[in-house]
Amino acid sequence: MRRVAITGAGTINALGHDVPSTLEAMREGRCGIGPLDIRDIDRLSVQIGGQVRGYDESARFTRSQLALHDRFTQFALIAAEEAVDQSGLSFESELALRSGVILGNSGGGLSTIDDSYRAVYAEGKNRVHPFVVPRLMGNAAASAVSMAHGLRGPTFTAASACASSNHAMGLAFQMVRSGLADVMLAGGSEAMLCFGGLKAWEGLRVMSPDACRPFSATRNGMVQGEGAAVFVFEDWDRAQARGAEILAEVAGFGMSADAGDLVAPSVDGAERAMRGALADAGLDPDEVGYVNAHGTGTAANDRTECAAVAAAFGNHAGRLMVSSTKSMHGHAIGGTGAIELLACISALRDGVVPPTIGWEAPDPDCPLDVVPNAAREAKVAACLSNAFAFGGLNAVLALRAA
Amino acid sequence: MDTRERVIAIIAQQALLDPSDVREDMTLADLGIDSLGIVESVFAIEEAFDIRVPFNANAPETSDFDISSVGSIVQAVERLAAEQA
């Protein structure tokens, strides 16, 4: 089977509008979470989030593009463009036919849905914009990216809530590895920070009113974010032959289902996904230096995830660095795994392990090195990136340094 | 129905029990109500009494809404209803 290289990366999220600014923020342990600037915020009990700020959609897209692209599609297009530019690829003739796009997403064009329902229900209007359906459909972002770059191979959206991006990237990895495709754009996008999107989350009562503090004894819930990250996954030999810079190697993928509770996580399901990724990559647990945790900052996730890491890694768990960058960019739901893969690239390529910020006090249920509050310089040969979704769906990627 | 009876009716419905089988000294765990059931009960209480209940499922013990027993919930709802009337 072929090896899979990452030859491009792009993003837009609460920490930055591109990869260099995002990695710098992660290095500095900067917090992108703050007061939300959205309509009807006064009617929400949760008023903070990892919102993309300083973003002028009309500066990035034409009027006719904006008519077709919800915010989550815009984010995906911006991230994909940066990734493709970095890879140096142009998709012509044969390569276009053997290249595709798999993006994770959970909410679809939620702002479009929110605005349109408001128009017909609250404002009493009897018509909505003619492109509401193509804007809100979950595959809108993947389709727009394939069109923007002329990718004509396998293209679709993976929807598994908070694991969507990892499932998307895992499948893209398998396609390149197996030879089904030569290049895949993979990642995810989400833009749920609108009144309806947040109102729905409020109901679960798992949101923090003040900050995301994963693994800290003082944690009190998750904070929602938004954004996208997209990567170029390429056949390793092909990338090497054309002299491309390889950011990291995607080495393995593991997934599992808890088949238990719709919202409560399971140690066993998470452990099996991590073990699966290690085995698929041919990695011994002690080769792994870093785990990018799902680390939502809820009581249940963090406790369960730490137990799963301990079970999957045994004695080596105590020597691992395990951080949650959601403390900085928030939980970008279906796009979060993709944004978090940037933290893995930081560790593998730059030797900088991004921190878990907001950490205040040790929790006996989370007895791991969570890289509290400050990034750490370390040589990391391999890492895992965890995503555990509502619905009990787990997806873990394994990466090696190039 | 008074506040006590209405709260007990909501909890009984969540626990799939007859209200007469719910006593004030019982805990939600005694009644087989899990964390999702608690969140649903809090929602039902908010709707029934038109109040806002300060409850974070991550940190129930630090929320300003005592769910340690059926009786404590009744008292908390009486207090909130009076405060927010």
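Residues numbered from 1 in each chain as written. Chains lettered and ligands numbered in written order. Predicted model: local features only at pLDDT ≥ 70, side-chain atom pairs only at ≥ 80, totals over all residues. Heavy atoms only, no water.

Participant: When you look at the nonpolar core in this model, what are you seeing that I'm missing?
Facilitator: General note: in soluble globular proteins, nonpolar side chains tend to be found buried as a group. Residue and element names in this part refer to chain A. By size, the foremost hydrophobic cluster in this structure holds 68 residues, and its most contacted members are Ile6, Phe231, Phe233, Tyr290, Val380 and Leu399. Ranked by the residues each element gives to this core, the list is headed by helix α15 (residues 336-350), at nine residues. Both of domain 1 (4-241) and domain 2 (252-400) provide at least three residues apiece to this core. Ignoring any residue separated from it by four or fewer positions in sequence, one finds Ile6 in contact with Phe231, Val232, Phe233, Glu245, Ile246, Leu247, Ala248, Val250, Leu341, Ile345 and Leu399. (Core = buried A, V, L, I, M, F, W, Y, C linked by side-chain atoms within 4.5 Å. Buried < 20%, exposed > 50% of the residue type's maximum accessible area, 1.4 Å probe, protein only. Helix = DSSP H or I, 4+ residues; strand = E, 2+ residues; numbered from the N terminus. Domains from an automatic or database assignment. Contact = heavy atoms within 4.5 Å.)

Participant: Looking at this model, I keep getting lost on the UniProt feature "domain: Ketosynthase family 3 (KS3)" (unreviewed entry) in chain A. Mind explaining?
Facilitator: Per the UniProt record, "domain: Ketosynthase family 3 (KS3)" (unreviewed entry) is annotated on residues 1-401 of chain A. Along residues 1-401 of chain A one finds 37% helix and 19% strand; the C-alpha atoms at either end are 19 Å apart. (UniProt positions renumbered as here; feature names shortened; annotations may be inferred.)

Participant: How should I be thinking about the domain arrangement of chain A in this particular structure?
Facilitator: A common way to state how big an interface is: give the accessible area lost once the parts meet. All names here are of chain A. Each assigned domain of chain A is listed here: domain 1 (4-241) and domain 2 (252-400). Taking only C-alpha atoms into account, the centre of domain 1 sits 21 Å from that of domain 2. Taken residue by residue, the interface counts 63 residues in domain 1 and 65 residues in domain 2. The contact between domain 1 and domain 2 buries some 4600 Å² in all, and 69% of this surface belongs to carbon and sulfur atoms. (Buried area = accessible area lost by both parts, 1.4 Å probe.)

Participant: In this structure, what is going on with empty space enclosed by the protein? I would like to understand it.
Facilitator: Regions of empty space are outlined by a rolling probe, equal in size to a water molecule, passed over the atoms. Residue and element names in this part refer to chain B. Scanning the entire structure with this criterion turns up one cavity of 30 Å³ or more. As a volume, the largest cavity reaches approximately 50 Å³. What lines the largest cavity is Ile11, Leu28, Ile38, Ser41, Val42, Ile45, Phe65, Ile67 and Ile73. Each residue belonging to the lining of the largest cavity can be placed in one class, and the counts come to eight nonpolar, one polar and no charged. (1 Å grid on protein atoms, 1.4 Å probe; cavity = no way out; pocket = protein on both sides within 12 Å on 5 of 7 lines; lining within 4 Å. Points joined across faces, edges and corners; volume = space filled by probe spheres on them. Nonpolar A, V, L, I, M, F, W, Y, C, P; charged D, E, K, R; others polar.)

Participant: Explain helix α8 (residues 140-149) of chain A here, please?
Facilitator: Structural remark: α-helix, 3.6 residues per turn; residues separated by three or four positions point the same way. Residues and elements named next belong to chain A. Most of α8 sits inside the fold, with eight of its 10 residues counted as buried. If you check which residues of α8 are buried, you get Ala140, Ala141, Ala142, Ser143, Ala144, Val145, Ser146 and His149. Looking at the buried side of α8, the elements it contacts are α4 (71-87), β4 (99-104), α7 (132-136), β5 (155-158) and β6 (183-190). Positioned one or two residues after α8, Gly150 has a phi angle of 70 degrees, which is positive.

Participant: Where do I start with the side chain of Glu234(A) in this structure?
Facilitator: Residue and element names in this part refer to chain A. In this structure, Glu234 sits in strand β7 (residues 227-235). Using a relative accessible area of 0% as the deciding quantity, one classes Glu234 as buried. Among the polar contacts listed, one links the side chain of Glu234 to the side chain of Arg238, at a separation of 2.8 Å. Setting aside residues no more than four positions away along its own chain, Glu234 makes contact with Arg3, Val4, Ala5, Thr7, Leu89, Val176, Asp182, Val183, Ala239 and Arg242. (Polar contact = N/O pair within 3.5 Å; in protein donor to acceptor, adjacent residues only side chain to side chain.)

Participant: What am I meant to see in the pattern of salt bridges here?
Facilitator: When their charged atoms lie close together, side chains carrying opposite charge are able to pair. All names here are of chain A. According to the stated counting rule, one finds 31 salt bridges over all chains in the structure shown. One salt bridge in this structure joins Glu24 and Arg30, with 3.0 Å as the shortest N-O distance. Put simply, Arg30 and Glu28 hold a salt bridge, and the shortest N to O gap is 2.7 Å. Residues joined by salt bridges that share partners form a network here, namely Arg2, Arg98, Asp182 and Asp235. (Salt bridge = Lys/Arg side-chain N within 4 Å of Asp/Glu carboxyl O.)

Participant: What exactly am I supposed to notice about the interface of chain B and chain A here?
Facilitator: Of the residues lining the interface, 10 residues belong to chain B; the matching set on chain A comes to 14 residues. For the pair chain B and chain A, the summed buried surface comes to about 870 Å²; carbon and sulfur atoms form 48% of the total. Put simply, chain B and chain A have one salt bridge between them. Across the salt bridge formed by Arg205(A) and Glu46(B), the nearest N and O atoms sit 2.6 Å from each other. Here chain B is connected to chain A by eight residue pairs in polar contact (both at pLDDT 80 or more). Residues belonging to the side of chain B that touches chain A are distributed by class as follows: six nonpolar, two polar and two charged.

Participant: Got a minute to help me understand the UniProt feature "domain: Carrier" (unreviewed entry) in chain B in this structure?
Facilitator: Sites flagged by UniProt as "domain: Carrier" (unreviewed entry) map to residues 1-81 of chain B. Counted over residues 1-81 of chain B, helix gives 49% and strand 0%. Its end C-alpha atoms are 15 Å apart.

Participant: So what exactly am I meant to see when it comes to the packing of aromatic side chains here?
Facilitator: In this description, a pair of aromatic rings is defined by centroid distance and the angle of the planes. Counted according to the given criterion, the structure contains three aromatic pairs over all chains. Between the aromatic rings of Tyr117(A) and Tyr121(A), the centroid separation amounts to 5.3 Å while the plane-to-plane angle is 20 degrees, which identifies the pairing as stacked. Taken together, the positions of Tyr117(A) and Tyr121(A), both in helix α6 (residues 110-122) and four residues apart, correspond to about one turn of that helix. Given a relative accessible area of 47%, Tyr117(A) falls into the partly exposed group. Look at Tyr121(A) and you get exposed, because its relative accessible area is 64%. Directly above the ring of Trp236(A) sits Arg3(A), whose terminal nitrogen or CZ lies 4.0 Å from the centroid. Lying over the aromatic face of Phe49(B), Arg6(B) brings its terminal NZ or CZ to 4.3 Å of the ring centre. (Phe/Tyr/Trp six-rings, centres within 6.5 Å; stacked < 30°, edge-to-face > 60°. Lys NZ or Arg CZ within 6 Å of the ring centre and 35° of its normal.)

Participant: Looking at this structure, I do not really get the side chain of His316(A). What am I missing?
Facilitator: All names here are of chain A. With respect to the element layout, His316 can be found in the loop between α13 (299-313) and β10 (321-323). Judged by its relative accessible area of 9%, His316 is buried. Apart from the residues within four sequence positions on either side, His316 is in contact with Pro285, Asp286 and Val288.

Participant: Even after reading the chapter, I still don't get unusual backbone geometry, so can you show me in this structure?
Facilitator: Residues and elements named next belong to chain A. Non-glycine residue Ser93 carries a positive phi angle of around 40 degrees. In this structure, Ser93 sits in helix α5 (residues 93-97). The phi dihedral of Ala259 is positive, around 50 degrees, even though this residue is not glycine. Relative to the elements of secondary structure, Ala259 occurs in the loop between β8 (248-257) and α12 (267-281).

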